[in-house]
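Here are the chains, one letter per residue:
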Amino acid sequence: EIYAMGTLADQPPEIPVRWTALETAAIEAMDDRAAAYVSGGAGSGETVDENRRAFAQWRIVPRLLRDVSERDLSVDVFGRQWDLPLQIAPIGVQSIVHEDGVLATARAAADLDVPICLSSVSSSPIEEITAKLGETPTWFQLYWSSDRSITESFVRRAENTGCNAIVLTVDVPLLGWRERDLEQGYLPMLEGHGIANYTSDPAFCDGLSDSPAENEDAAIQHFLDVFGDPTITWNAVSDLCSMTDLPVVIKGVLHPDDAETAVDHGVDGIVVSNHGGRQVDGELGALEALPRIVERVAGRSAVFFDSGVRSGADALTALALGADAVGIGRPVVYGLALDGADGVRSVLENIRAGLDLTLANTGRTNVADLDRSLLVAR
Ligand code: FNR
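Since the model is a prediction, treat every value here as computed from it, not as a measurement.

K.L.:
Residues and numbers for the side chain of H222, please.
P.N.:
Considering the arrangement of structural elements, one finds H222 in helix α11 (residues 216–226). What H222 contacts, discounting residues up to four positions off in sequence, is F204, G207 and L208.

Take a look at the structure:
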């Protein structure tokens, strides 16, 4: 389709296909503060780069002359079929890059039936986003609030809106030391981005003397007070498991011992992730952590992966190392910044098509059957 549009209709794609060109174009399109917030990482950004280097440690070895004319990209996740082994990672504050924010991203996800995980700090309330998503597999990402009634209310809202799993993000006891944002003195939430789930929540509003509409400054201050809880321990994971019948996933695991503890506390899934390099500079690349965690978990929970996935070939690599599905973060935000829902759609279509073609060209036909035999360690 892309070749035909470019060659025959003289309309090459508007959204860059190469990751590096996509990032450059999006950074140019965003204002400086949003560009730094989205593209930046913790500290000097070493771990953002390390996430890419971790992929370069693995090389794909194709097999030949096996009928690859029919291919199956679907996977089973918690008893439900996903058409693709991909998910849009939870991304907060999307209104800093596009006025429609996550509602545009949700539209693209629904059009393509690409699974999505919604952030606690999303730019619209969960009820509005899920209304756009229809039957698209949808998870809700939870930041454990210091006000327990808000945590419980968020879980209930995720259940009531038909979400299929709750993802507890555990790698943000406190916000990372993000030097580019610090240099600009910029935190999107202080401008009211990403607080829609809170200001629409009865438990949150109970703690306010005026309604959020009457006093936005007080709402933002209250958000800062309740957003996170650095005191939580593994008990919160057990608590969450008993709070809901939905599958519970914990996101941000890098150490095999933590993966083991998570399984012992009853989680259904683990996301191996370093938050896209946004929390601890100097951390290992997330992909480096994946094989050891897959080995330790040994099938006792699902294992998902994000941080540094930029192409279909990257997704294949993570799947071959044992991920059940793979999350995409910044590429989606860049598509959104460049062209709203259409931009997100282009980015996702490209990753999907790249995955499909690369699968065929490695002599494989089924993503659910991928294993280490696809790869050699460099
Ligand atoms: C994130 N991420 C994130 N994670 C989470 O659990 N809750 C959140 O609200 C957010 N918000 C967020 C905003 C922005 C702008 C970015 C870039 C990332 C982390 C995200 O879910 C995922 O772990 C990383 O983005 C994956 O890395 P890549 O694909 O961006 O390299």
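The rest of the description comes next.
K.L.:
Lay out the site of the ligand with the relevant residues and their values.
P.N.:
Among the 22 residues in the neighbourhood of the ligand, the closest are listed as P90, S119, T169, R310 and R330. Contact distances for the ligand include 2.7 Å between an oxygen atom and a backbone N or O atom of P90. Take R330: an N or O atom from its main chain is 2.9 Å from an oxygen atom of the ligand. Protein contact buries 98% of the 600 Å² of open area that the ligand shows by itself. Of the residues in the shell around the ligand, the class split is seven nonpolar, ten polar and five charged.

K.L.:
For the pattern of salt bridges, give the residues involved together with the corresponding values.
P.N.:
Applying the stated criterion across every chain, the model contains 15 salt bridges. A salt bridge links E50 to R53, with the shortest nitrogen-to-oxygen separation between them at 2.8 Å. Taken together, the positions of E50 and R53, both in helix α4 (residues 46–56) and three residues apart, correspond to about one turn of that helix. The class for E50 is partly exposed, based on a relative accessible area of 22%. Among the salt bridges present, the one from R52 reaches D314, with a minimum N-O distance of 2.9 Å. Here the residue R52 occupies a position in helix α4, and D314 occupies one in helix α15 (residues 312–320), the gap between them amounting to 262 residues. Its relative accessible area of 31% is what places R52 among the partly exposed residues.

K.L.:
Tell me about the side chain of D181, residues and numbers included.
P.N.:
Among the structural elements, D181 can be located in helix α8 (residues 179–184). An unpaired buried charge is present at D181: no salt bridge exists, and R178, the closest side chain of opposite charge, is 4.8 Å distant. Apart from the residues lying within four places of it in its own chain, the contact partners of D181 are A36, Y37 and Y186.

K.L.:
Account for the pairing of strand β7 (residues 165–169), naming residues and giving values.
P.N.:
Burial analysis of β7 places five of its five residues in the buried class, which makes it a mostly covered element. Side chains of β7 alternate between two faces, with A165, V167 and T169 and I166 and L168 buried alike. Bridge count for strand β6 (residues 138–142) against β7 is four bridges, and the pairing is parallel. Paired with W139 across the two strands is A165, which belongs to β7. Regarding topology, helix α7 (residues 148–160) serves as the crossover connection from β6 to the parallel β7, and that connection is right-handed. Bridge count for β7 against strand β8 (residues 248–253) is four bridges, and the pairing is parallel. Looking across to β8, one finds that L168 is bridged to I250.

Rules used in this analysis
Residues numbered from 1 in each chain as written. Predicted model: local features only at pLDDT ≥ 70, side-chain atom pairs only at ≥ 80, totals over all residues. Heavy atoms only, no water. Helix = DSSP H or I, 4+ residues; strand = E, 2+ residues; numbered from the N terminus. Contact = heavy atoms within 4.5 Å. Near = heavy atom within 4 Å. Polar contact = N/O pair within 3.5 Å; in protein donor to acceptor, adjacent residues only side chain to side chain. Areas by Shrake-Rupley, 256 points an atom, 1.4 Å probe, with all protein chains shown as cover. Nonpolar A, V, L, I, M, F, W, Y, C, P; charged D, E, K, R; others polar. Salt bridge = Lys/Arg side-chain N within 4 Å of Asp/Glu carboxyl O. Buried < 20%, exposed > 50% of the residue type's maximum accessible area, 1.4 Å probe, protein only. Lys, Arg positive; Asp, Glu negative; His and termini not counted. Pairing = 2+ DSSP bridges. Right-handed = clockwise from strand over helix to strand, strands pointing away.

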